[in-house]
Amino acid sequence: MEEENQTGVVQFHFHPFSTDPAVVPLLFVAFLLLYLGSLVGNMTIGLTVWRDHSLHTPMYFFLFVLAVLEIGYSTNIAPLTLAGILSMVRMLISLPGCGAQMFLFILLGGSDCVLLAVMAYDRYVAICHPLHYNLIMSWELRGKMTLGSLGLGFLLSLPLTILICHLPFCGHNEIHHFFCDMPAVMRLACTDTRLHEAALYAISVVAVAVPFLLICLSYGCIVATILRMNSAEGKRRAFSTCSSHLIVVLLQYGCCSLIYLRPSSSYSPEEGRAVSVVYTFFSPVLNPLIYSIRNQEVTDAIRRLMARMCWISYWPAVQTWTSQPTYGDCGFLSCGVEALNIDQQIHITVLAIPFLFIIPSSVFIVAANLKIRLAEGRPKAFSTCSLHLTVVLLQ
């Protein structure tokens, strides 16, 4: 490997997940489904909070902001990862491009961690000071807390990105990761990186350790207040409003601590990639599921939103099909069609028939992409279809 500093344009490529042609399609489909799931889930949470007036409270305002951050967070990582998996060869990324991805990753990830601490404070005020909740958590304070989270994320991301982008890189620049993660990129530098590692550790303490300590303090006060409650129903409701947030906190901070709050000498590239998959692909999918499944208000609001979008309104007709004990002279299908009025029949025809054409078309496209031999052909073909698939699933 060359040991001389590169004086031209510095370019990196990512270490592939697998070079086995039989495994690559499975990896691509799995990561694509996770990414689309995160988009659909977080967009559903965001639209539900925005459209449903019963959720216009401080807690759900922060949930809306969290959903927006998760969309940006996963979109910053997933498309490039999917294109890299599909290409099966070295897909190059320039140093400025790598720096941009790194900057957005720290900005959105750091803001996410700080926002979780803000949400813990919101739960503390709601449970420990319920009579003054609306007075304390005013729109002005909510806005300041949200902007403060984003501002802190910006202040943490900018200096570290500049420091890393000014490092000299030598020879074979293969990032042993699926995105431009800071520890993985710094390992490629051909100079002493102790200052940069110290800066990364300090930023990790500010973005991860300090918010986590504030969350622990908030929940210590919350638990003390819950134990003093006389009503069993009150204890149950207080716990149910906090359990979803606690699960997300443990998932997010646990993964970040394993990567960024450990000595650089013990960093393992393989372990780093495995843990990163959890908080870049699984976390954005699980967060909306956790908040919706464990929160009855959100679940009911999603149902109301779906009903307004003319989906759940067809459920009575389905119940009519399944609840009829006998069908007399007609079969199940004909009776079911008669149970629908003319408007519902038209809507089902307009929605279902085009969707049935889209499914086989997408299958043929994926099969054709897998047969493309050109290294640049697969990412280009994927990029032309990914936006359309996202719109189809949302529609």
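Residues numbered from 1 in each chain as written. Predicted model: local features only at pLDDT ≥ 70, side-chain atom pairs only at ≥ 80, totals over all residues. Heavy atoms only, no water.

A. Summary view of the sheet that holds strand 3 (residues 174-175). Pairing within the open sheet is mixed, and its three strands lie in the order 2-1-3. In this open sheet, the two edge strands, each paired with only one partner strand, are strand 2 (92-94) and strand 3. Inspection of the sheet shows strand 1 (residues 11-14) paired to strand 3 by two bridges, in the parallel sense. Across the sheet, the residue bridging to Phe-14 is Ile-175, located in strand 3. In the packing of helix 3 (residues 95-128) onto the sheet, contacts are made with strand 1, strand 2 and strand 3, and the angle to strand 2 comes to roughly 80 degrees. (Pairing = 2+ DSSP bridges. Helix = DSSP H or I, 4+ residues; strand = E, 2+ residues; numbered from the N terminus. Contact = heavy atoms within 4.5 Å. Axes fitted to C-alpha atoms, helices over the stretch in contact; angles between N-to-C directions.)

B. Here's a closer look at the confidence of the model for the chain. Averaged over every residue, the pLDDT of the chain is 79; the share at 70 or more is 75%. Per-element confidence in the chain ranges from a low mean pLDDT of 40 for helix 12 (residues 332-339) to a high of 93 for helix 5 (residues 139-165). Taken together, the stretch residues 1-7 has pLDDT below 50 and engages in 16 contacts with residues farther than four places along the chain or on a different chain. Note on residues 324-350: pLDDT is under 50 here. Beyond four places in sequence and across chains, it has 22 contacts. (pLDDT = per-residue confidence, 0-100.)

C. A look at the state of the cysteines. Under the defined criterion, the tally for this structure stands at one disulfide. With a sulfur-sulfur separation of 2.0 Å, Cys-98 is cross-linked through a disulfide to Cys-180. Since a negative S-S torsion denotes a left-handed disulfide, the Cys-98-Cys-180 link at about -125 degrees is left-handed. In this pair, Cys-98 sits in helix 3 while Cys-180 sits in the loop between strand 3 and helix 6 (182-186), placing the two residues 82 residues apart along the sequence. Since its relative accessible area comes to 1%, Cys-98 is described here as buried. Judged by its relative accessible area of 0%, Cys-180 falls in the buried class. Free cysteine: Cys-221, not disulfide-bonded; nearest cysteine sulfur from Cys-128 at 5.9 Å. (Disulfide = S-S within 2.5 Å. Buried < 20%, exposed > 50% of the residue type's maximum accessible area, 1.4 Å probe, protein only.)

D. Inspection of the pattern of salt bridges at higher detail. Per the stated rule, a full pass over the model turns up five salt bridges. The closest approach of N and O atoms between Lys-144 and Glu-140, which form a salt bridge, is 3.2 Å. Residue Lys-144 and its partner Glu-140 are both found in helix 5; the two are separated by four residues, about one turn of the helix. Given a relative accessible area of 54%, Lys-144 falls into the exposed group. Residue Arg-303 pairs with Asp-300 through a salt bridge whose shortest N-O separation is 3.9 Å. Taken as a pair, Arg-303 and Asp-300 lie in helix 10 (residues 296-308) at a separation of three residues, close to a single helical turn. (Salt bridge = Lys/Arg side-chain N within 4 Å of Asp/Glu carboxyl O.)

E. Quick peek at the packing of helix 1 (residues 24-51) against helix 2 (residues 58-87). Their axes nearest at 9 Å, the elements helix 1 and helix 2 cross at an angle of 160 degrees. Taken together, the axes of helix 1 and helix 2 lie roughly antiparallel to each other. Once helix 1 is placed against helix 2, the crossing between them reads as left-handed. (Parallel < 35°, antiparallel > 145°, perpendicular 65-115°, else oblique. Left-handed = near helix turned anticlockwise from the far one by under 90°.)

F. Seen up close, the side chain of His-13. By the secondary structure assignment, His-13 is in strand 1. Residues in contact with His-13, not counting those within four places in the same chain, are Arg-90, Met-91, Leu-92, His-172, Asn-173, Glu-174 and Ile-175.

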